[in-house]
Protein chains: 2
Amino acid sequence: MGDIALVVDETIKRICSHKGVAGVMIVNGDGIPIKSNLDNALTVQYASLISLLVSKTRSVVKQLDKSKDDDELQSIRVQSKKHEIVVVPDFDKAHEYTLIIVQNHS
Amino acid sequence: MGDIALVVDETIKRICSHKGVAGVMIVNGDGIPIKSNLDNALTVQYASLISLLVSKTRSVVKQLDKSKDDDELQSIRVQSKKHEIVVVPDFDKAHEYTLIIVQNHS
């Protein structure tokens, strides 16, 4: 298995072992899911909606960067009544992969 | 001073006392800032950008709510290289006020 495939699998396995983790997805730079432990329909929905949210949030961070030099989005946490969605854009810099973790409130 | 003005002032004072807090703002349901300890230009910029981000994130939460019944956005945390922005929509339910806190990384 190629290096990156190994990284992807290891990452998902490690995260899934945490209590309360309902879903783990990895999305590429085009918003296409390349790995997920959720069903296909839900995965595609998360991938497209969260990719839009990442680009929106990235532009907010850039616009709010007074010195306009190098502030960079690192993560987004969305807390709702039912769960928490943690998004780590470019968690794998080389491949522009975004990690999405869905945690149910315990 | 009216009750809500007191709540607003107390909230800002309490949060500002925390180490690393660079900015605290309260924005009304129309995205208009009603209180801030940042300069006016930056406050207006935060208020408009973050209000857009809240409505975008709210719609993502609603669309991802499989049972379509009552999931609700509670908070957003945006982590960037320079700081963390914590957003609590409707922190004061009666007035639809959104709280925005900007923390520098210590």
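All figures in this text were calculated on a predicted structure; none of them were measured in a lab.

## Observations concerning the pairing of strand β4 (residues 83-92) of chain B
Residues and elements named next belong to chain B. In terms of burial, β4 is largely enclosed, as seven of its ten residues are buried. With four bridges connecting them, strand β3 (residues 73-80) and β4 associate as antiparallel partners. Looking across to β4, one finds that Gln 79 is bridged to Glu 84. What sits between β3 and β4 in their antiparallel hairpin is a turn of two residues. Two successive antiparallel strands, β4 and strand β5 (residues 97-104), enclose a turn made up of four residues, where Glu 96 displays a positive phi of approximately 55°.

## Here we look at helix α2 (residues 40-64) of chain B
Compared with an ideal rise of 1.5 Å per residue, which puts 25 residues at 36 Å, α2(B) spans 36 Å between its outermost C-alpha atoms and is within 8% of the ideal. Within the span of α2(B), buried status applies to Leu42(B), Thr43(B), Tyr46(B), Ala47(B), Leu49(B), Ile50(B), Leu53(B), Val54(B), Thr57(B), Val60(B), Val61(B) and Leu64(B).

## Side note on the environment of Asp30(A)
Residue and element names in this part refer to chain A. Along the chain, the position of Asp 30 falls in the loop between β1 (21-27) and β2 (33-36). Under the relative-accessibility criterion, Asp 30 is labelled exposed at 67%. For the pair Asp 30 and Ser 48, spaced 18 residues apart in sequence, the C-alpha to C-alpha distance is 9.1 Å.

Calculation rules
- The numbering scheme is per chain: residues are counted from 1 as the chain's sequence reads.
- Whichever chain is written first becomes A and whichever ligand is written first becomes 1, with later ones labelled in order.
- Predicted model: local features are reported for residues with pLDDT of at least 70 only, side-chain atom pairs are reported and counted for 80 or more only, and whole-chain, interface and lining totals are derived from all residues.
- Where side-chain values are given, they derive from all heavy atoms of the structure, hydrogens and water being excluded.
- Throughout this description, buried means an accessible area under 20% of the type-specific maximum (1.4 Å probe, protein chains only), exposed means over 50%, and partly exposed covers the range between.
- Helix and strand labels come from DSSP, where a helix needs a run of H or I of at least four residues and a strand needs a run of E of at least two; each type is numbered from the N terminus.
- In this description, strands pair whenever DSSP reports at least two bridges between them.
- Helix span, expected: 1.5 Å multiplied by one less than the number of residues in the helix.

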